Amino acid sequence: MTLLAVSDLRASLGRRQVLRGVSFTVEEGEFVGLIGPNGAGKTTLLRAILGLSPSQGSVQIGGHERLKPREQAKIVSYLPQEREIAWPVTVERVVALGRAPHLPGFAVPGGEDQAAIQAAMARMEIESFAQRPATELSGGEQARVLIARALAQEAPLLLADEPAAGLDPAHQIALMKIFANLARDGSGVVACLHDLGLAARFCTRLIILEAGTIVADGPPRAVLTPERLRDTYGVASFLGEHEGGLIVQPFDLADHPGHGG
Amino acid sequence: MNEALRYKLVLAVLSIGVFALFLVSLATGPAAIGFADSMRALFSSDAYEIGLIMREIRLPRAILGLMVGATLGLSGAVLQGYLRNPLAEPGLLGISASASLGAVLTIYTGVSLAFPLALPMAALAGAGIAVLVVRAMAGGAGGTLSIILAGIALSAFAGAMTSLALNLSPNPFAAMEIVFWMLGSLTDRSMVHVWLAAPFMLLGWVMLALTARALDALTLGVSAASSLGVDLRRTQFLAVGGTAASVGAATAVAGAIGFIGLIVPHILRPLVGSMPSRLLPASALGGAAMLLAADILVRLIAPERDLKLGVLTAMVGAPFFLWLIWRSRRTMV
């Protein structure tokens, strides 16, 4: 089933046109890495899909256009780049906020909600500090708590904006595996990523966004070439194989960005 | 202790406190009436002096103390949650200042002498205009910063116009009356004031209470809350409109009483696990308790001098505010 269908999406921030007609679809089972240099429009694309930023064009989520906020929240969860926890509430309560779309009016969380909360905390390995105030945790721990919040929402589509930033290597890899598993279980995941190595290793598909347009879309091995990385990012990169996986490591600035070779 | 149990305990203790302070407020006043006599007189229909004092003077004062306090506590908790700013308080939106300006204008023009109810009505109108201005300035869904800035500008303007009224006041008595009114007080209020303010306060409370779930989600920021299905426009309408209705009505009958809306949510937040939704009922009860206590104190400290309620709350509140800044600076380092 098509979870997300974006067609000719355009958006502006002030006078600057940030998205210039972006079209793509996300099917069940896909883990899409959204990559591209700073300012390419990755965050704006996610926000426009969610209706958080004004845009023109068509966005269909789960086959529906312009859903009510609550109905949309049942289909798509969002992990914003800014990690905000305003009050010193416990980790478990933060994760429980992910159940909000499933609780009408003043309903209290039931057994199903508790199960989702516990499962999300177990997945992100944060049960040991479930009762601690989330504001007292380290940045990486807070990031994991907020990811667990998005997982507890149990929406078939997850949009994550730089979810791996600030995590140590072990938790970065663990997170990518969790997203890959979600996709394998039939969800769709779209994540903005800056770590090309992680993107190459775990995503089923990569989309390169540059200056508001999609310049490449396909499996990692097709999308990530030294020439394209030089054109897009202006870097020289090492690409290799290790244990059946693609290794990508930018190592220097390209001498003549824009002149592929 | 179990978190849910502790929350219920906090609410129970606060409820008992409010009830006790309400009775003490009824029993406090210049007329020396025994507690048992005063309660008996309250519920009898005879027209003796004690019954009149109880029903016409002390009962409205106690009811207004409870309602104004609950309004300040509740709206303070909602605004802190909505703006995700622990320094937010009901006065921040410019509603108190605009309501005060409306009231002051009736004193300045002498209308309040000819028609006493014009004063609270003009104050309500001031609050209504303030909410329209703030909402227009804040515009769309998210902009909490524009709300704060619009509120500051509006407060400054209303303050300047109030000063102008004082500046040009026709005679020293009018100036004196304006100053005294602005200090905030519950002295000599009647049941008419209660009936005038109650509908607006109740409406405001309902609107504010409906923000509870959205405030919890806003803990994660505007974007995350919106992605969780929170309707930001609706939340803004309820938070700002509810504050205008309830705080406007409170200011209309009691004048500007500061710091309760700031302090009460702070004191109670750690006791309810910091959840914004849980803070709302606790803060409403806490505000009622604190205002009733303050109104009892002004009558006990200086029975002859008519010590103003707003003076007392500011005297206690301002040092607390300093302590708050000192503490937040320490945690930021």
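Parameters and conventions
- Within each chain, residue numbers correspond to sequence positions counted from 1 in written order.
- Labels are handed out in written order, letters beginning with A for the chains and numbers beginning with 1 for the ligands.
- For a predicted model such as this one, the threshold for reporting local features is a pLDDT of at least 70, and the threshold for listing and counting side-chain atom pairs is 80 or more; totals across whole chains, interfaces and linings nevertheless cover every residue.
- Side-chain descriptors were evaluated using all non-hydrogen atoms of the structure, hydrogens and water having been removed beforehand.
- Whenever a helix is involved, its axis is fitted only over the stretch in contact; in every case the axis is a line through C-alpha atoms, and angles between N-to-C directions fall within 0 to 180 degrees.
- Each helix is a run of H or I in the DSSP string that is no shorter than four residues. Each strand is a run of E no shorter than two, and both are numbered from the N terminus.
- Note on angle classes: values under 35 degrees are labelled roughly parallel, values over 145 roughly antiparallel, values of 65 to 115 roughly perpendicular, and the remainder oblique.
- A clockwise turn of the near helix away from the far one marks a right-handed crossing, whereas an anticlockwise turn of less than a right angle marks a left-handed crossing.
- We call two residues contacting when some pair of their heavy atoms lies within 4.5 Å.
- All amino acids are sorted into three groups, where Ala, Val, Leu, Ile, Met, Phe, Trp, Tyr, Cys and Pro are nonpolar, Asp, Glu, Lys and Arg are charged, and the leftover types, Gly among them, are polar.
- Simply put, the buried area is the total loss of 1.4 Å probe accessible area from both parts when two parts are fitted together.
- Whenever a carboxyl oxygen of Asp or Glu lies within 4 Å of a side-chain nitrogen of Lys or Arg, that contact is scored as a salt bridge.
- N or O atoms within 3.5 Å of each other form a polar contact, as long as, within protein, one can give a hydrogen and the other can take it, and as long as residues adjacent in sequence are counted only when both atoms are side-chain atoms.
- UniProt positions are given in the numbering used here, feature names are shortened, and annotations may be inferred rather than shown by experiment.
- Any two strands are treated as partners once DSSP identifies two or more bridges connecting them.
- Start and end positions for the domains come from either an automated domain assignment or a database one.
- Throughout this description, buried means an accessible area under 20% of the type-specific maximum (1.4 Å probe, protein chains only), exposed means over 50%, and partly exposed covers the range between.
- Think of it this way: a Phe, Tyr or Trp ring, Trp meaning its six-membered ring, pairs with another when their centres are within 6.5 Å, and the plane angle makes it stacked under 30 degrees, edge-to-face over 60, tilted otherwise.

## Some remarks on the packing of helix α3 (residues 49–83) of chain B against helix α14 (residues 276–301) of chain B
All names here are of chain B.
Then, in step 1: With their axes 6 Å apart at the nearest point, α3 and α14 run at an angle of 135 degrees to one another. Considering the angle they form, α3 stands oblique to α14. The chirality of how α3 crosses α14 is right-handed. The segment α3 lies against α14, with Arg61, Ala62, Leu64, Gly65, Leu66, Val68, Gly69, Ala70, Gly73, Leu74, Ala77 and Val78 engaging Leu279, Leu280, Ser283, Ala284, Gly287, Ala288, Leu291, Leu292, Asp295, Val298 and Arg299.
Then, in step 2: When its residues are assigned to classes, the contact of α3 with α14 shows 15 nonpolar, five polar and three charged.

## A short note on the interface of chain B and chain A
Then, in step 1: Contacts between chain B and chain A engage 27 residues on the former and 30 residues on the latter.
Then, in step 2: Between chain B and chain A, roughly 2200 Å² of surface is buried when both sides are summed, and carbon and sulfur atoms account for 62% of that area.
Then, in step 3: In terms of surface lost to chain A, no three residues of chain B exceed B:Arg213, B:Leu220 and B:Leu228, which account for 29% of the buried area on that side.
Then, in step 4: Run the count over chain B and chain A and you get one salt bridge.
Then, in step 5: For A:Glu84, the salt bridge is made with B:Arg84, and the minimal N-O distance between the two is 2.8 Å.
Then, in step 6: Between the two partners, chain B and chain A, sit four residue pairs in polar contact (both at pLDDT 80 or more).

## Section: the UniProt feature "domain: ABC transporter" (unreviewed entry) in chain A
Then, in step 1: UniProt tags residues 4–236 of chain A as "domain: ABC transporter" (unreviewed entry).
Then, in step 2: Across residues 4–236 of chain A one finds 36% helix and 27% strand; the C-alpha atoms that close the span lie 33 Å apart.

## Observations regarding the sheet that holds strand β5 (residues 64–65) of chain A
Residue and element names in this part refer to chain A.
Then, in step 1: Reading across from one edge, β2-β1-β4-β5 is the order of the four strands in this open sheet, with antiparallel pairing throughout. A single partner strand is all that each edge strand has here, and the edge strands are β2 (16–27) and β5.
Then, in step 2: Here strand β1 (residues 2–13) runs beside β2; their pairing, made up of nine bridges, is antiparallel. Residue pairing across strands places Ala11 opposite Leu19, the latter belonging to β2.

## Observations regarding the domain arrangement of chain A
All names here are of chain A.
Then, in step 1: Here chain A is partitioned into domain 1 (1–62 + 156–261) and domain 2 (83–153).
Then, in step 2: The partner domain 2 presents 10 residues to the 13 residues of domain 1 that form the contact.
Then, in step 3: It is Leu167, His171 and Ile178 in domain 1 that bury the most area against domain 2; as a group they hold 46% of the surface buried on that side.
Then, in step 4: The interface formed by domain 1 and domain 2 includes one salt bridge.
Then, in step 5: Among the salt bridges present, the one from Asp185 reaches Arg123, with a minimum N-O distance of 3.9 Å.

## Quick word on the pairing of strand β9 (residues 205–210) of chain A
Residues and elements named next belong to chain A.
Then, in step 1: With respect to burial, β9 is a largely interior element, five of its six residues being buried.
Then, in step 2: Note: β9 against strand β10 (residues 213–218), five bridges, orientation antiparallel. When the bridges of β10 are listed, Leu209 appears paired with Ile214.

## Digging into the packing of aromatic side chains
Residue and element names in this part refer to chain A.
Then, in step 1: Going through the model one piece at a time under the given rule, you end up with two aromatic pairs over all chains.
Then, in step 2: Taking 5.9 Å as the distance between ring centres and 90 degrees as the angle between the ring planes, the aromatic pair formed by Phe31 and Phe179 counts as edge-to-face. Taken together, the residues span a long stretch of sequence, with Phe31 in strand β3 (residues 31–35) and Phe179 in helix α6 (residues 169–184) at a distance of 148 residues.
Then, in step 3: Residue classification places Phe31 among the buried residues on the basis of a relative accessible area of 1%.

## Description of the sheet that holds strand β8 (residues 188–192) of chain A
Residue and element names in this part refer to chain A.
Then, in step 1: Strand order in the open sheet formed by six strands is β6-β7-β8-β3-β9-β10, with mixed pairing between adjacent strands. Edge positions in the sheet fall to β6 (76–79) and β10, since each of these pairs with one other strand and no more. Recorded for the sheet is a direction-independent mean angle of 15 degrees between the axes of neighbouring strands.
Then, in step 2: Of the strand pairs in this sheet, β3 and β9 are connected by four bridges, and their pairing is parallel. Looking across to β9, one finds that Gly33 is bridged to Leu206.
Then, in step 3: On top of the sheet, helix α5 (residues 139–152) reaches β6 and β7 (157–161); it is set at about 170 degrees to β6, its chief contact.
Then, in step 4: Where α6 meets the sheet, it contacts β3, β7 and β8, and its direction lies at approximately 130 degrees from that of β3.

## Considering the packing of helix α4 (residues 95–109) of chain B against helix α12 (residues 232–254) of chain B
Describing two packed helices takes the angle between their axes plus the distance from one axis to the other.
Residues and elements named next belong to chain B.
Then, in step 1: Between α4 and α12, whose axes approach to 9 Å, the crossing angle comes to 40 degrees. Looking at the two axes, α4 sits oblique to α12. Helix-helix and strand crossings are classified by hand; for α4 and α12 the assignment is right-handed. Judged by residue contacts, Ile95, Ser96, Ala99 and Ser100 of α4 engage Val240, Thr243, Ala244, Val247, Gly248 and Thr251 from α12.
Then, in step 2: Considering only residue class, the contact of α4 with α12 consists of five nonpolar, five polar and no charged.

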